[in-house]
Amino acid sequence: MKQLLISLLFVLAIFDLSAQKDKNTNNENSMLPIIKGLTETVSTLEKEGVRVIHIEFENISIRKKIYYRLENKYTYGIMAYGDYRVKEIVVNLYKKEKNEWKKVASGEKSGNSSILHFEPTEIEDFLIEIEIKEYFDGYSESNYGMILIHN
């Protein structure tokens, strides 16, 4: 678990830098700032023995929801990060209880990125929510990336 956390923190630093670096692209809606450095990041994670199981890039205004089945034999890491327009982002994890989604964990926020670690107690479906808490002035949508890993 400690290795997973260290790997995610390292990757977080790479994505923070790359998501901000190309904000001056000719196309403000370009995905390039959010995906730059992905190959290097995946390579770094895999060298550390971490398995990347899902990568997602999409446009977002307030929140996006992703449904995913997690197994109790792994420790999971979820990292969400926004491009240069995002001031604050958070990743939340929900589990269904009595036909209602209940929040079971929230990621640690670090500006335009958030990391969440979770160890399920059984195999279950979960709802991963990416939420933009705040944009920089003048913006109301952006691009985000999400990486789901396990040990």
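See above for the structure.
Given the structure is predicted, the values throughout are model-derived calculations rather than measurements.

1. Describing the pattern of salt bridges
Inspection of the entire model under this criterion finds eleven salt bridges. In this structure, Lys109 engages Glu88 in a salt bridge whose closest nitrogen and oxygen atoms are separated by 2.9 Å. Of the two residues, Lys109 is situated in strand β6 (residues 108-109) and Glu88 in strand β4 (residues 86-97); the sequence distance between them amounts to 21 residues. Glu100 is the salt-bridge partner of Lys102, the closest N and O atoms lying 3.5 Å from each other.

2. Things to note about the sheet that holds strand β8 (residues 124-135)
The strand order across the open sheet formed by four strands is β2-β8-β4-β5, and the pairing between neighbours is antiparallel. Each end of this open sheet is capped by a strand with a single partner; those strands are β2 (63-70) and β5 (100-106). The sheet shows a mean angle of 35° between the axes of neighbouring strands, direction not considered.

3. A look at the environment of Tyr144
Mapped onto the secondary structure, Tyr144 falls in strand β9 (residues 142-150). Given a relative accessible area of 0%, Tyr144 falls into the buried group. In this structure Tyr144 touches Ile34, Glu56, Phe57, Glu58, Asn59, Ile60, Lys64, Ile66, Tyr81, Gly82, Ile89 and Ile130, once residues within four positions along its chain are discounted. A polar contact is formed between the side chain of Tyr144 and the side chain of Glu56, at a distance of 2.4 Å.

Quick notes on the rules
All chains use their own residue numbering, which begins from 1 and follows the written sequence. Restriction of local features to residues with pLDDT of at least 70 applies here, the model being predicted, together with a cutoff of 80 or more for giving and counting side-chain atom pairs; totals for whole chains, interfaces and linings are based on all residues. Heavy atoms throughout the structure, all of them, feed into the side-chain values; hydrogens and water do not. Counted as salt bridges are all cases of a side-chain nitrogen of Lys or Arg within 4 Å of a carboxyl oxygen of Asp or Glu. Helical segments are the DSSP runs of H or I of at least four residues, strand segments are the runs of E of at least two, and each set is numbered from the N terminus. In this analysis, strands are considered paired if DSSP registers two or more bridges between them. Convention adopted: a line fitted to C-alpha atoms gives each axis, helices being fitted over their contacting stretch, and angles between N-to-C directions are expressed from 0 to 180 degrees. Partly exposed residues are those whose accessible area sits between 20% and 50% of the maximum for their type, while under 20% is buried and over 50% is exposed, using a 1.4 Å probe and protein chains only. Pairs of residues are marked as contacts when any of their non-hydrogen atoms sit within 4.5 Å. Nitrogen and oxygen atoms within 3.5 Å of one another constitute a polar contact, given that in protein one can donate a hydrogen and the other can accept it, and given that sequence-neighbouring residues count only through two side-chain atoms.

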